[in-house]
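# Structural overview for review
Residue-level listing of the chains:
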Amino acid sequence: MSRDGGITLCAAGLKAMFVTEAGFLKAVEGVDITIRKGECAALVGESGCGKSVTGLALMRLLQTPPALYTAQKILFFDGERATDLQTATEAEMLNVRGRKISMIFQDPSAALNPVMTVGRQIDEIIIRHYGLNKKEARSRTVGLLRSVGVPDPERRYFSFPHEMSGGLKQRVLIAIATACRPALMIADEPTTALDVTIQAQILRLLRDLQRENNMALLLITHDLGVVSHMADSVYVMYLGKIMEEGTTAEIIGAPLHPYTQGLIKAVPSLDDDSAVPLQQIPHNVPNPMKKPSGCSFHPRCAFCTGLCRAKMPPLIEYGGGRKVRCWRYIPDSSANGGGDD
Ligand SMILES: Nc1ncnc2c1ncn2[C@@H]1O[C@H](COP(=O)(O)OP(=O)(O)OP(=O)(O)O)[C@@H](O)[C@H]1O
Ligand SMILES: [Mg+2]
């Protein structure tokens, strides 16, 4: 944990929408995210809330069209140098992606080339970024495979993806993502496709690599159990907006927003009082094309008032860097004319 460390990424006002046949779909609506060096920040929320789109937009990896996206800034700090990813040229982005910021996607099978051995796939990245010759690259690849816990790496170097289990493939992707010692890794649901015991191993590996390399990690997940084990800080996202942010201890230990409270009550392992039955948040996440009026969470919220139905609350400072977007925490909110768009 290094909340005092330098900032690695500072994005402000990130917005992303899709042009669909049915109209505009606003997937991300003005998100601010700051990730510090050596810190794991988690982005959590239910399916369809805009987590993956946020990760892809930060890396400028959304296909335009159908996506349209903007930000006030996406500052990436690498040593003394700051690059605004929002205005960087595509050539600069090619240097940033993979080398300085890497991304791990949810489905390991789709992210690997099926007709190339995993060794060659890693070699190519090392050769491209470091200019090593084939022999040097191979020796570094074998070392990388070993460092991510691939057994018998000299032999596995020659394996094709289909010859590997899901857990091994995810280790290969982590090897690829760490090959260039990036300052930031964005890991989108890195263990969702894996079974529970393998999930724990992969998460431990990610945490160890993050600490060893003092890397910043943006962990995208819907699993608050994973968050409580891995993250230093948490952003809770709902229908394209951040509803609450703070340290993991604050968010898990004393959640403020009714949405965060609902997410936590729905997780078995976080509820240590077995007499309290698990509770699901009522109803499903609404269609983002038909967002409710006012606070988009209001139809599912037990504390909903007329104001909540009428106006989206702003994300306010709650103290100590903690933020929440809920009228319950805004003094005199019954008389409040202000709100978010
Ligand atoms: N290429 C696309 N075209 C149109 N809509 C899209 C596209 N990609 C994502 N969306 C929509 O944007 C919204 C946010 O999607 P996103 O994938 O970010 O959700 P998520 O929070 O990552 O969900 P999950 O937990 O299921 O991965 C969803 O309504 C989704 O349908
Ligand atoms: Mg996703």
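I will try to describe carefully the structure that is included in this document. Because the structure is a prediction, the values reported are computed rather than measured.

Helix and strand counts for the protein chain stand at 12 helices and 13 strands. Here the C-alpha radius of gyration of the protein chain, 21 Å, is about what a compact globule of 341 residues would show, namely 20 Å. Principal axes of the C-alpha set define a box for the protein chain whose edges measure 70 × 50 × 45 Å. Burial analysis of the protein chain (341 residues in total) assigns 52% to the buried set. Taking the contacts inside the protein chain whose residues are at least 6 apart along the sequence as the reference set, 64% of them involve residues at least 24 apart. With the model as given, the accessible surface of the protein chain reaches about 15900 Å², and the carbon-plus-sulfur share is 52%.

According to the stated counting rule, one finds five aromatic pairs in the structure shown. Ring plane angle 55° and centroid distance 4.5 Å describe the contact between Y238 and Y259, whose orientation is recorded as tilted. Of this pair, Y238 sits in strand β10 (residues 233-238) while Y259 sits in helix α11 (residues 258-265), and the two are 21 residues apart along the sequence. Its guanidinium or amino end placed over the ring of Y130, R99 lies 5.9 Å from that ring's centre, counting from NZ or CZ. Cation over ring: R140 sits above Y130, and NZ or CZ is 4.8 Å from the ring centre.

Bringing the site of ligand 1 into the picture now. Lining the immediate environment of ligand 1, one finds 13 residues, of which S47, G48, K51, S52 and V53 sit closest. Within the backbone of C49, a nitrogen or oxygen atom sits 3.1 Å from an oxygen atom of ligand 1. Separating an oxygen atom of ligand 1 from a backbone N or O atom of G50 is a distance of 3.0 Å. If ligand 1 stood free it would expose 630 Å²; the protein chains cover 66% of that surface. Among the elements of the structure, β2 (23-36) and α1 (51-58) are those that each provide at least two residues to the shell around ligand 1. If one sorts the elements of the shell around ligand 1 by residue count, α1 sits on top with three residues. Of the residues belonging to the shell around ligand 1, the class tally is six nonpolar, four polar and three charged.

Scanning the entire structure with this criterion turns up nine salt bridges. In this structure, R300 engages E46 in a salt bridge whose closest nitrogen and oxygen atoms are separated by 2.9 Å. Remark: E46 occurs in the loop between β3 (40-44) and α1 and R300 occurs in the loop between α11 and α12 (306-310); sequence separation between them is 254 residues. Across the pair, E46 and R300 agree in class, each one buried.

Rules and cut-offs
All chains use their own residue numbering, which begins from 1 and follows the written sequence. Chains carry letters and ligands carry numbers; both start at the beginning, A for chains and 1 for ligands, and go up in the order they are written. Given that this is a predicted model, residues contribute local features only at a pLDDT of at least 70 and side-chain atom pairs are listed and counted only at 80 or more, while totals for whole chains, interfaces and linings are drawn from all residues. The side-chain figures draw on all heavy atoms in the structure; neither hydrogens nor water molecules are used. In this description a helix means any DSSP run of H or I spanning at least four residues, a strand means any run of E spanning at least two, and both kinds are numbered starting from the N terminus. All radius of gyration figures rest on C-alpha atoms, and the globule criterion is 2.2 Å times the number of residues raised to 0.38. For each residue, the accessible area found with a 1.4 Å probe, counting protein chains only, is set against the maximum for its type, and the residue is called buried under 20%, exposed over 50%, and partly exposed in between. Residues are treated as being in contact if the distance between any of their heavy atoms lies within 4.5 Å. Calculation of accessible area relied on Shrake-Rupley with a 1.4 Å probe; when residues are assessed, cover is drawn exclusively from the protein chains displayed. Pairing of aromatic side chains here covers Phe, Tyr and the six-membered ring of Trp, requires ring centres within 6.5 Å, and sorts the geometry by plane angle: under 30 degrees stacked, over 60 edge-to-face, intermediate tilted. We count a charge as sitting over a ring when the NZ of a lysine or the CZ of an arginine lies within 6 Å of the ring centre and within 35 degrees of the ring normal. Residues are counted as near a molecule or strand when any one of their heavy atoms sits within 4 Å of it. Pairing of N or O atoms within 3.5 Å defines a polar contact, subject to two protein rules: one partner must be a possible hydrogen donor and the other a possible acceptor, and residues neighboring in sequence count only if both atoms are side-chain atoms. Throughout this entry, Asp, Glu, Lys and Arg are counted as charged residues, while Ala, Val, Leu, Ile, Met, Phe, Trp, Tyr, Cys and Pro are counted as nonpolar. The remaining residues, Gly among them, count as polar. Whenever a carboxyl oxygen of Asp or Glu lies within 4 Å of a side-chain nitrogen of Lys or Arg, that contact is scored as a salt bridge.

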